[in-house]
Amino acid sequence: MPETGHARVFPFARADSAELSENPAERLHLAEAVRMAEAIVFASADPVSEKALADRLPGETDVPAVMAELQATYEKRGVNLVRVGDSWAFRTASDLSFLMNREAVQQRKLSRAALEVLAIIAYHQPVTRAEMEEIRGVETAKGTLDVLMETGWVKIRGRRKAPGRPVTYGTTIAFLDHFGLEEIRDLPGIDELKGAGLLSSRMPSNFSIPQPPANMDEFAEDEDELTDIDLEELGLLTPRGGDD
Amino acid sequence: MPETGHARVFPFARADSAELSENPAERLHLAEAVRMAEAIVFASADPVSEKALADRLPGETDVPAVMAELQATYEKRGVNLVRVGDSWAFRTASDLSFLMNREAVQQRKLSRAALEVLAIIAYHQPVTRAEMEEIRGVETAKGTLDVLMETGWVKIRGRRKAPGRPVTYGTTIAFLDHFGLEEIRDLPGIDELKGAGLLSSRMPSNFSIPQPPANMDEFAEDEDELTDIDLEELGLLTPRGGDD
Amino acid sequence: MKASAKKQDRSGMPLEALWDDKEDRTLSDPEMLVDIDGFEGPLDLLLHLARNQKVDLARISILKLAEQYLEFINGAVKLRLELAADYLVMAAWLAFLKSKLLIPKTGSDDGESGEELAELLQFRLKRLEAMRDAAARLVNRNRLGRDIFQRGDPEAVIIEKQNEWSATLYDLLTAYASQRQRQAISRVAIALRSVWSLKHARQILTRLIGDVRDWTALDQFLIAFIPDPSERATAIASSFAASLELVREGQLEVRQEAAFQPIYLRTKAGRPELEDY
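Residues numbered from 1 in each chain as written. Chains lettered and ligands numbered in written order. Predicted model: local features only at pLDDT ≥ 70, side-chain atom pairs only at ≥ 80, totals over all residues. Heavy atoms only, no water.

**Student:** Lay out the overall build of chain C with the relevant residues and their values.
**Tutor:** When helices and strands are counted, chain C shows 9 helices and 4 strands. Counting from the amino terminus, chain C carries its helices and strands in the arrangement α-α-α-α-α-β-α-α-α-α-β-β-β. Each of the 277 residues in chain C was classed as buried or not, and the buried ones make up 47%. Nonlocal contacts in chain C, meaning residues at least 24 apart in sequence, comprise 65% of its contacts between residues at least 6 apart. About 13900 Å² of surface is accessible on chain C, with carbon and sulfur atoms providing 53% of the total. (Helix = DSSP H or I, 4+ residues; strand = E, 2+ residues; numbered from the N terminus. Buried < 20%, exposed > 50% of the residue type's maximum accessible area, 1.4 Å probe, protein only. Contact = heavy atoms within 4.5 Å. Areas by Shrake-Rupley, 256 points an atom, 1.4 Å probe, with all protein chains shown as cover.)

**Student:** I'd like a rundown of helix α3 (residues 63-73) of chain B, residues and numbers included.
**Tutor:** What α3(B) keeps buried is the set V63(B), V66(B), M67(B), E69(B), L70(B), A72(B) and T73(B). As for α3(B), its buried residues are in contact with α1 (24-43), α2 (50-56), β2 (79-84) and β3 (87-92) of chain B.

**Student:** Break down the interface of chain B and chain C for me, citing the residues and quoting the values.
**Tutor:** Taken residue by residue, the interface counts 77 residues in chain B and 61 residues in chain C. Of the roughly 6200 Å² buried between chain B and chain C on both sides combined, carbon and sulfur atoms contribute 60%. On the surface where chain B and chain C come into contact, there are 4 salt bridges. With a shortest N-O distance of 3.1 Å, E134(B) and R124(C) are connected by a salt bridge. (Buried area = accessible area lost by both parts, 1.4 Å probe. Salt bridge = Lys/Arg side-chain N within 4 Å of Asp/Glu carboxyl O.)

**Student:** A description of the nonpolar core should follow, citing residues and the corresponding values.
**Tutor:** The tendency in soluble globular proteins is for nonpolar side chains to be buried side by side. By size, the foremost hydrophobic cluster in this structure holds 85 residues, and its most contacted members are F175(A), Y169(B) and F175(B). Look past the residues within four positions of F175(A) in its chain and what remains in contact with it is L118(A), A122(A), W153(A), L181(A), I184(A) and L172(C). Grouped together as the second largest cluster of nonpolar side chains are 54 residues, V34(A), A39(A), F90(A) and F90(B) included. (Core = buried A, V, L, I, M, F, W, Y, C linked by side-chain atoms within 4.5 Å.)

**Student:** Which residues make up the pairing of strand β6 (residues 167-171) of chain A, and what are the values?
**Tutor:** All names here are of chain A. For β6, a buried count of 5 out of 5 residues is recorded, marking the element as mostly surrounded by other parts of the structure. Alternating positions in β6 separate into two faces, V167, Y169 and T171 on one and T168 and G170 on the other, with burial throughout. Judged from the 5 bridges that link them, strand β5 (residues 154-160) and β6 form a sheet pairing that is antiparallel. Counted as the bridge partner of K155 is G170 from β6. A loop of 6 residues connects β5 with β6, the two strands running antiparallel in sequence, and G164 in this loop sits at a positive phi of about 85°. (Pairing = 2+ DSSP bridges.)

**Student:** Please provide a residue-by-residue account of the packing of aromatic side chains, values included.
**Tutor:** Overall, the coordinates contain 11 aromatic pairs over all chains when judged by the stated rule. Considering the side-chain rings of Y74(A) and Y74(B), the 6.5 Å spacing of their centres and the 45° angle between planes classify their relative orientation as tilted. Of this pair, Y74(A) sits in the loop between α3 (63-73) and β2 (79-84) while Y74(B) is found in the loop between α3 and β2, placing the two residues in two different chains. Each member of the pair, Y74(A) together with Y74(B), is buried. When the centroid spacing of 5.2 Å and the interplanar angle of 65° are considered together, the rings of W153(B) and F179(B) count as edge-to-face. (Phe/Tyr/Trp six-rings, centres within 6.5 Å; stacked < 30°, edge-to-face > 60°.)

**Student:** Give a description of the sheet that holds β2(A) that names residues and reports values.
**Tutor:** Residue and element names in this part refer to chain A. Reading across from one edge, β1-β3-β2 is the order of the 3 strands in this open sheet, with antiparallel pairing throughout. This sheet does not close on itself; its edge strands, each paired only once, are β1 (48-49) and β2. Here 6 bridges tie β2 to strand β3 (residues 87-92), and the two strands are oriented antiparallel to one another. Counted as the bridge partner of L81 is F90 from β3. Here helix α1 (residues 24-43) sits on the sheet in contact with β1, β2 and β3, set at roughly 75° to β3. Set on the sheet, α3 makes contact with β2 and β3; between it and β2 the angle comes to about 140°. (Axes fitted to C-alpha atoms, helices over the stretch in contact; angles between N-to-C directions.)

As structure tokens, then:
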């Protein structure tokens, strides 16, 4: 509709503006007050009372008139100004609430312990549970490893060629994706951790940080690939059953 | 503005909408997409990427056109739609900052060194720690880079393809958002600094101090005497012209 | 740096106030002579001195600046203040630069001319000043949470990534570094005080000035600034050994005109251009 001057796809227009002043100065003042009220309600964590608005808007502002104007302005928009008791708040238009529900997955934070174990797996992979314990000085709870497996950032890689054939853990492609790393070797080394201030510059001289392997998927010399029987035992493969 | 039928205190009007479709069905579709985008971005405190918007808007939506329309619509309001990298966010209008001070949250105070490092990372990214130290002429103290990473403004970007493969640092979307920048190219004065060669790691060959030579008429090594043709080109000599 | 005649707690000051807190100090202020706590290293101190010349950085006299800096350091040394190695290395380099500026260039192959070195220093100062100004402009912008505000009552978290677990690389690295450090602490040995070696001095100098080709002449100045004379002989020996190591790695070139003549060392030219990904 390029024919009118106000051509917009989605007009904010109010039908009735009869009550508005014809005095240009007053109109300008009202327009500024509307902008201010809009910003205040937008930025507030809670609905804003008319009294609170009156306190912050210029002295002689007619708060109810300002809010009525603002409410009418937002009436047909994707967001509406709604009255909650004697207070005001912006809310998604009710017919669009489906947009909000779609992915209302609450993001959860990894626990400190889980982050520590994840970091050890990343730097020391392939690494067994006993080795994690040795590095951390505390036992790793089963639940912690379960959570890490659930994130999809950690996987069981294989088995260590050692008594008891303990399972080895490593990181996945999803891990690289999530943390914005191109390859596992991009994890900062000892000097860089020191330089970034994350590690004390006065660590003992025998302190070292392993250099993660260039290729995450290559098996270490003392590491075995998982067999189908392993996968079954670990519950990573459904039993084939019978003679199939 | 009040002379048309769209009399509103505070017109949202866009002057130009020439590019919009004349097809009523298409217009309706665009109007709905604008409402949806408005609701999605408004609902989020953090910037929403165009990709996330595209995922939520109807299949054939032209997201950039929708956002341009919405941005123009909000241009003069108390709340503006701003672009942050490849994302969009509603933010209170900057001219209303005087009104909003009481909402101000206690900002983390950064040391002078941390601010300097932040500026170096922003203007020189991707930049290694050694390069930052070369620019400042001091070692980076503990509590400088880690504090910056903790603010979420600075991140590890990757590694330099150079001996030692040092880690490189850069800024984040949160940095752009915090300082009200659409993109890194909008950093204040970045073009002038680049032009002056002050963003290069080494002294550019054309960087020189206008040090008056001992003998003003002596030519520098990288300087040639002007020829008559040069003088002509510079308009310092009238053209000799043809066979005169 | 122990030279704290007046210690200020700057952490309590507003950000912006940090940018002009040195403007009120001048060279005539006796406190200035002993208080180098407020400076972020020698380049910062030089920049401050340069500003006191009250002219555009492009027009400062580097010679005068070098003299002022040396005067400052000598004052501190006289007061038996323990100066960080960085300040002494810069002093040595400026003494070297001063001699180059005063004595005309002799051979064609004895490193950069005094003018070239002065230009290099000027470039460094200008670049540092530019970054400082940029930081000031940055903090004075309208900032989110101070001047500009986001939605106070967001209705939904728009999750971009499918993963419901959130963690940043910073979280990960912090977790790793702090636990390794915690575990290592039981075995911590107190780090030895690093010997003031020429190699160390050159590292500092590279940070301050960049690669300088003319090491040999410079080393004499560096040695002069080693605070403890008893350390000088070992410093020379260990530095020569370290230099040979660098030659072996292809980072340095070595040249001697004849037996017992000075040994010239310089950074090998033509290092590859850097590239990122």
